[in-house]
Amino acid sequence: MAPTMDNAAEGANVSSVDAAASAIETRGIEPVPDHERHGRVRELFPTWVAANISVLLLTMGAALIVFNSLNFWQVLIVALCAAAVSFGLVGVLSVSGKWGGAPGAMLSRATFGVRGNLFPGAILWVARFGWETINAVTGAYAVLTVLDLVLGVHSNTVLIVVTLFAFVACTFLVSGMGRKALNVCNKWSTYLFGVFSVLVLGYLIVHMDWNDVFSKPAGSTAMMIAGIGTIAAGGISWVPTGPDFARYLPHAASGKKIVGVTVSGAGIVMVPMVLMGAVMAVSTPDLAKAQDPVSFLGDLLPTWLAVPYLITAIVGMLLINSLSMYSAGFTAQTMGVKLPRAAAVSINAMISLVGGLMLMLVAKSFLSSFITFLILLAVSFSAWIGVYAVDMARRKSRAVRYDAEALMDTGRTSRYWYAGGFCWQAMTAWAVALLAGLAFTDCAWFSGPLATTFIGKYGLGWAATIVISAAVMAVLPTPRENAPEPSEASDAAEREKVAA
C-alpha cells in the first residue's frame, strides 16, 4: 500500500531516535512499532490518579449537597457509580490503544474513515479546549489563593493575567515533554497529593460536626442519578484519549488489568475528594456557590495545611491539563495540522489562555458555566463512544485489528477510505446520537425539545447518547474496508498456490 503525500507529511514527525527511550517524546500520531512497546499496565495507575487531582471535585461534591440535596451516603453511592461507569469506559476503550499502538484520535480513522473522522474529531477538539480552560482557571485561582494566604497579596486584574499565563505556560512545557516525563511527574504528584489528602481528611474527621453531616435527610433518586451524570462527565471526557496512554503497552498486556488499573487509579482520588467536598458543604453551604472554586480552602483549613495542600493540588491540576494537552496535540495532527505534536499543543495553550481570561474576568458564575460545560461535554463525547465501542467489538475477533500503514494513509489507497473517505454507517450513528443527546439536554444555555422527558429530567442524556449511537451503529450494515485483512490475503494466496 503506497503512502500518499499527506501520509508523507504526517510521517515527517517520526523521530529517528527510539521514542519510547527518549527523555522528550518526539513521536507524533504514527503507530508505535512493536519493538518500542515497553510500557507496563501498572504505569497507567498514577496517570489516572493524576488525571483526577483537582479541587473541582470538592466543589462538585459540595454541589451534590447544596443543589441536589443529597445526604452523605447518597453522595458516596454517586461517587462510586460515577467513577466505575466513566473510568470503566475509559479502561475498556483504552484496550484499543494496545491493539493499534496509536492515539485514540488516530484509531478513530478506522471507525469513521480518514475524512469522516474530521467531524467528530473537530467536536472533541473544541470540547477539550473548554476542559483545559476550566482546569487552567482553577489552577490560577489556586495560585492566587496561595499568594493571598502566604504573602497577603490580594487578587487583581494584572495578577489574574500573570498567574493564568504562568499556569498555561507550565502546562505547555510539561505536556510537550511527552509520555515519559508525564509518567515521572504523575508518580510523584500521586505520592504528595495522597499524603496531604490524608492530612486534610484527618483534620475534617477531628473538627467537623458529624451529627450535622449524618443527620441530613436523603434526597430524591432523580437527583442521585443526575449527580452521577454530573460527576461522571469529567471521566467520560477522558474516554477518547484513553488509548493515547495505552499505546506503548505490548500486545500481551491484559485488557482486564488495563480496565482495573484505570478504574482504581481514578476512583482512589475521585471518591474521597467528592465526599470531602460534600462534608465541607454541610458547614459551609456557600462553597458550592462561590465564584472562586478554590479560596474556600483558606477559610476551612488552617494555613499550615491549606498552603501545602493547595500547592500539591496546583501540581495536580497542571498535570491534568498536561495530559489533556498531550492528547490534544494528537487530535490536532489527526485533523491535518502539519506540526510536530509539541508545536500543535501550543494551539490549545493559546485558546486556554484567552478562554481562561474570559471566564475569570467576564463570566458572572464559575460554577454555572462549569456545570453547563460538563453537561454538553458528556453528550458530545458520548456520541463518539458508542460508535467507537461497537467498531472495537467487531475488530476483537480479527487477526489484525488495526492496519498501521492504512491509519497513516489519508488517500484513496487507504484501507479506511470506505466511500469517499467516509464510513457512512459510523457517521450516521454519530450524527443521530449527537442530535438526540442535545434534544434531551437541559442546561443554563439552552433546553432541548425532549428535556422534560424521563431521560431529560434524570440527566441521562449522556447515557442515552451512548446507547443510541451504539444501537444505530450495530443495526446498520457492517462497514466494508477497502482491502482484505492481511491474514485473509495470505490464506487466499495459499489456496491459489494449492489450486495451481
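Residues numbered from 1 in each chain as written. Predicted model: local features only at pLDDT ≥ 70, side-chain atom pairs only at ≥ 80, totals over all residues. Heavy atoms only, no water.

**A look at the overall build of the chain**
Line of reasoning, step 1. Helix and strand counts for the chain come out as 21 helices and zero strands.
Line of reasoning, step 2. Residue burial in the chain is summarised as follows: out of 500 residues, 57% are buried.
Line of reasoning, step 3. Intrachain contacts of the chain at a sequence separation of at least 6 include 86% that bridge at least 24 residues.
Line of reasoning, step 4. Summing over all exposed atoms, the chain offers an accessible surface of approximately 19,400 Å²; the carbon and sulfur share of this is 69%. (Helix = DSSP H or I, 4+ residues; strand = E, 2+ residues; numbered from the N terminus. Buried < 20%, exposed > 50% of the residue type's maximum accessible area, 1.4 Å probe, protein only. Contact = heavy atoms within 4.5 Å. Areas by Shrake-Rupley, 256 points an atom, 1.4 Å probe, with all protein chains shown as cover.)

**Some remarks on a nonpolar patch on the surface**
Line of reasoning, step 1. On the surface, a cluster of nonpolar side chains totalling about 430 Å² of accessible area is made up of Val161, Val354, Met358, Leu361 and Val362.
Line of reasoning, step 2. For the nonpolar patch, the leading source of residues is helix α15 (residues 341–361), giving three residues.
Line of reasoning, step 3. We classify Val161 as partly exposed; its relative accessible area is 35%. (Patch = residues over 30% accessible without salt bridge, like charges linked within 9 Å, V, L, I, M, F, W, Y side chains within 5 Å. Salt bridge = Lys/Arg side-chain N within 4 Å of Asp/Glu carboxyl O.)

**Some words on the confidence of the model for the chain**
Any segment with low pLDDT has predicted coordinates that should not be analysed in fine detail.
Line of reasoning, step 1. Across the chain, the average pLDDT comes to 81, with 82% of residues at 70 or higher.
Line of reasoning, step 2. Low pLDDT, under 50, characterises residues 486–500; the predicted model gives this stretch four contacts beyond four residues in sequence or across chains. (pLDDT = per-residue confidence, 0-100.)

**Quick word on the layout of surface pockets**
Which parts of space are left empty comes out when a probe the size of a water molecule is rolled across the atoms.
Line of reasoning, step 1. In this model, the largest pocket occupies a volume close to 640 Å³.
Line of reasoning, step 2. As for the largest pocket, its lining consists of 34 residues, of which Ala226, Thr230, Ile371, Ile375 and Asp442 are closest to the centre.
Line of reasoning, step 3. Of all the secondary-structure elements, those providing two or more residues to the lining of the largest pocket are α3 (56–66), α10 (221–236), α16 (366–395), α19 (454–457) and α20 (461–475).
Line of reasoning, step 4. Looking at the lining of the largest pocket, the element that brings in the most residues is α16, giving eight residues.
Line of reasoning, step 5. Class assignment for the residues of the lining of the largest pocket results in 21 nonpolar, 11 polar and two charged.
Line of reasoning, step 6. There is about 470 Å³ of room inside the second largest pocket.
Line of reasoning, step 7. Surrounding the second largest pocket, 21 residues form its lining, Val126, Gly130, Phe373, Leu376 and Trp445 being those nearest its centre.
Line of reasoning, step 8. Listing elements by their share of the lining of the second largest pocket, those giving two or more residues are α6 (118–151), α15, α16 and α18 (424–439).
Line of reasoning, step 9. Taken together, the residues of the lining of the second largest pocket break down into 16 nonpolar, five polar and no charged. (1 Å grid on protein atoms, 1.4 Å probe; cavity = no way out; pocket = protein on both sides within 12 Å on 5 of 7 lines; lining within 4 Å. Points joined across faces, edges and corners; volume = space filled by probe spheres on them. Nonpolar A, V, L, I, M, F, W, Y, C, P; charged D, E, K, R; others polar.)

**Re the pattern of salt bridges**
Line of reasoning, step 1. Evaluation of the coordinates by the stated rule reveals five salt bridges.
Line of reasoning, step 2. Where Arg398 meets Glu481, a salt bridge forms, and the shortest distance between an N and an O atom there is 2.9 Å. With Arg398 in the loop between α16 and α17 (404–408) and Glu481 in the loop between α20 and α21 (486–499), this residue pair connects regions lying 83 residues apart in the sequence.
Line of reasoning, step 3. Overall, Arg398 belongs to the partly exposed group, its relative accessible area being 22%.
Line of reasoning, step 4. Within this structure, Asp391, Arg395, Arg398, Asp403, Arg415 and Glu481 form a network of salt bridges that share partners.

**What to know about the side chain of Thr465**
Line of reasoning, step 1. Within the fold, Thr465 resides in helix α20.
Line of reasoning, step 2. Within the structure, Thr465 has its side chain in polar contact with the backbone oxygen of Gly461 (distance 2.6 Å).
Line of reasoning, step 3. Not counting the four nearest positions on each side in its chain, Thr465 is found in contact with Val379, Ser382, Ala383, Ala433, Leu434 and Gly437. (Polar contact = N/O pair within 3.5 Å; in protein donor to acceptor, adjacent residues only side chain to side chain.)

**Considerations on the nonpolar core**
Nonpolar side chains tend to gather and get buried jointly when the protein is soluble and globular.
Line of reasoning, step 1. Judged by nonpolar contacts, the single largest core of 137 residues is most densely connected at Trp238, Leu297 and Tyr309.
Line of reasoning, step 2. Here Tyr309 is in contact with Leu58, Phe193, Phe196, Ser197, Val200, Met273, Met276 and Leu297, once residues within four sequence places are set aside. (Core = buried A, V, L, I, M, F, W, Y, C linked by side-chain atoms within 4.5 Å.)

**Some thoughts on the packing of helix α4 (residues 72–100) against helix α12 (residues 255–283)**
Line of reasoning, step 1. It is at 7 Å that the axes of α4 and α12 come closest, and there the two elements cross at 150 degrees. If you check the angle between α4 and α12, you find them roughly antiparallel. Crossing hand, α4 versus α12: right-handed.
Line of reasoning, step 2. Of the residues belonging to the contact of α4 with α12, the class tally is 22 nonpolar, seven polar and one charged. (Axes fitted to C-alpha atoms, helices over the stretch in contact; angles between N-to-C directions. Parallel < 35°, antiparallel > 145°, perpendicular 65-115°, else oblique. Left-handed = near helix turned anticlockwise from the far one by under 90°.)

**So, the environment of Thr478**
Line of reasoning, step 1. Inspection of the secondary structure assignment puts Thr478 in the loop between α20 and α21.
Line of reasoning, step 2. In contact with Thr478, other than residues within four places in its own chain, are Arg394 and Gln425.

**Re α20**
Line of reasoning, step 1. Across its 15 residues, α20 extends 21 Å between first and last C-alpha, which sits within 8% of the 21 Å expected from 1.5 Å per residue.
Line of reasoning, step 2. Three or more residues of α20 are buried, namely Gly461, Trp462, Ala464, Thr465, Ile466, Ser469, Val472 and Met473. (Expected span 1.5 Å × (residues − 1).)

**Overview of the packing of α4 against α10**
Line of reasoning, step 1. Two elements in contact, α4 and α10, have axes separated by 8 Å at closest approach and are oriented at 40 degrees. Comparing the axis directions of α4 and α10 gives the class oblique. Seen from above, α4 lies across α10 with right-handed handedness. Listed contacts from α10 to Gln74, Ile77, Val78, Cys81, Ala82, Ser86, Phe87 and Val90 of α4 are Met224, Gly227, Ile228, Ile231, Ala232, Gly235 and Ile236.

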